[in-house]
Amino acid sequence: MAVVVALGAFLMTLFGGWVAQRVTDRRHLVLGLAGGLMLGVVGLDLLPEALGAAGSEVFGVPEALLLFVGGFLLAHGVERLLAVRRASHGADWGTEHGGTRGKSERAPQVGLTAAAAMVGHSLMDGIALGAAFQVGGGMGATVALAVVTHDFADGFNTYTLTSLYGNDRRKALGMLLVDALAPLVGAGSTLLFTLPEELLGAYLGFFGGVLLYLAAAEILPEAHHDHPAHSTLLCTVTGVGFIWLVVGVSGG
């Protein structure tokens, strides 16, 4: 049953990526919505689940929160390292010679790394889905609703993140397909093993930190760079509200 539901997640992920492609003339709105979706996923879905699953503390701080901060710092460190390497190889030539800030000065590796993190998250979605059905049908149905619905956001964000950093459409579509397949692989893998709850919580906390950095330091500033409009902010708030609705309907 879990694999059948994961097929719905596969289709929803592809649909999210398709939507991201179709609104290229409203790029700032796409990025504003993507930032809101990512912020909502982190604050309203990932962190509460991580804190509930990884309950142990390390020197007075919940393990999930330590990994959350660690994920944020790792994402920041990787982005800064790639920025230094890009500058040392003259990748900012266009800006120095009268060009504008755009995809040419961005490191495609950052986009691919971010998309790979989304794939990892989708893989864990599938594993969580399979584990929920192992517990019981009611738990499986609740998790299935959350996974299938918010995989739209995963597909949307995967395509947006990959293309935002200068990767061509072929690579963006490739990462979107891998992200769509990941829940199927994750759900199928639960036929072979059971993931410890604490390990799942630790992963969710770490991934939440990575995702928050991408949303707050990259996606949202880029959304408002050329179009600091109220409509962009509205899209961000809408993205957060959508995830809140998903979490509420799925029972948290």
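Cut-offs and rules
- Residues numbered from 1 in each chain as written.
- Predicted model: local features only at pLDDT ≥ 70, side-chain atom pairs only at ≥ 80, totals over all residues.
- Heavy atoms only, no water.
- Helix = DSSP H or I, 4+ residues; strand = E, 2+ residues; numbered from the N terminus.
- Buried < 20%, exposed > 50% of the residue type's maximum accessible area, 1.4 Å probe, protein only.
- Contact = heavy atoms within 4.5 Å.
- Patch = residues over 30% accessible without salt bridge, like charges linked within 9 Å, V, L, I, M, F, W, Y side chains within 5 Å.
- Areas by Shrake-Rupley, 256 points an atom, 1.4 Å probe, with all protein chains shown as cover.
- Salt bridge = Lys/Arg side-chain N within 4 Å of Asp/Glu carboxyl O.
- Expected span 1.5 Å × (residues − 1).
- Bend = angle between axes of the 7 residues up to and from the residue.
- Phe/Tyr/Trp six-rings, centres within 6.5 Å; stacked < 30°, edge-to-face > 60°.

**Student:** How do you make sense of the overall build of the protein when you look at a structure like this?
**Tutor:** For the protein, the count of helices and strands is nine helices and two strands. Start at the N end of the protein and walk to the C end: the helices and strands fall as α-α-β-β-α-α-α-α-α-α-α. Counting over 252 residues, the protein shows a buried share of 45%. Taking contacts inside the protein between residues at least 6 apart in sequence as the whole, the part at least 24 apart equals 84%.

**Student:** Please clarify how a nonpolar patch on the surface should be interpreted in this entry.
**Tutor:** There is a patch of nonpolar side chains on the surface, built from Val 3, Leu 191, Leu 192 and Phe 193 and spanning about 450 Å² of accessible area. Position of Leu 191 among the secondary structure elements: in the loop between helix H7 (169–189) and helix H8 (197–225).

**Student:** Help me understand H7 in this model?
**Tutor:** An α-helical turn contains 3.6 residues, so any two residues separated by three or four positions project in the same direction. Between its first and last C-alpha atoms H7 spans 30 Å; for 21 residues at 1.5 Å apiece the expected length is 30 Å, and the two agree. Within H7, the axis deviates most sharply at Leu 181, by approximately 30°, and proline Pro 183 lies no more than four positions further along. Residues Ala 172, Met 175, Leu 176, Asp 179, Ala 180, Ala 182, Pro 183, Gly 186, Ala 187 and Ser 189 constitute the buried set of H7.

**Student:** Explanation requested: the packing of aromatic side chains in the structure shown.
**Tutor:** How two aromatic rings sit relative to each other is given by the distance of their centres and the angle of their planes. Under the counting rule described, the total for this entry stands at four aromatic pairs. Arranged with centres 6.0 Å apart and planes meeting at 20°, the rings of Phe 15 and Trp 18 form a pair that is stacked. Within this pair, Phe 15 and its partner Trp 18 are both found in helix H1 (residues 2–22), separated by three residues, close to a single helical turn. Between Phe 72 and Tyr 213 the ring centres are 5.2 Å apart and the planes differ by 85°, which places this aromatic pair in the edge-to-face class. With Phe 72 in helix H3 (residues 63–88) and Tyr 213 in helix H8, this residue pair connects regions lying 141 residues apart in the sequence.

**Student:** What is the right way to look at the environment of Gly 155 in this model?
**Tutor:** Inspection of the secondary structure assignment puts Gly 155 in helix H6 (residues 137–164). In this structure Gly 155 comes out as buried when scored by relative accessible area, which is 0%. Sequence separation between Gly 155 and Met 12 is 143 residues, and the spatial gap between their C-alpha atoms is 7.5 Å. Those residues within four positions of Gly 155 in sequence are excluded, and the remaining contacts are Thr 13, Gly 16, Gly 17, Leu 176 and Asp 179.

Nothing here speaks to function; it is geometry throughout.
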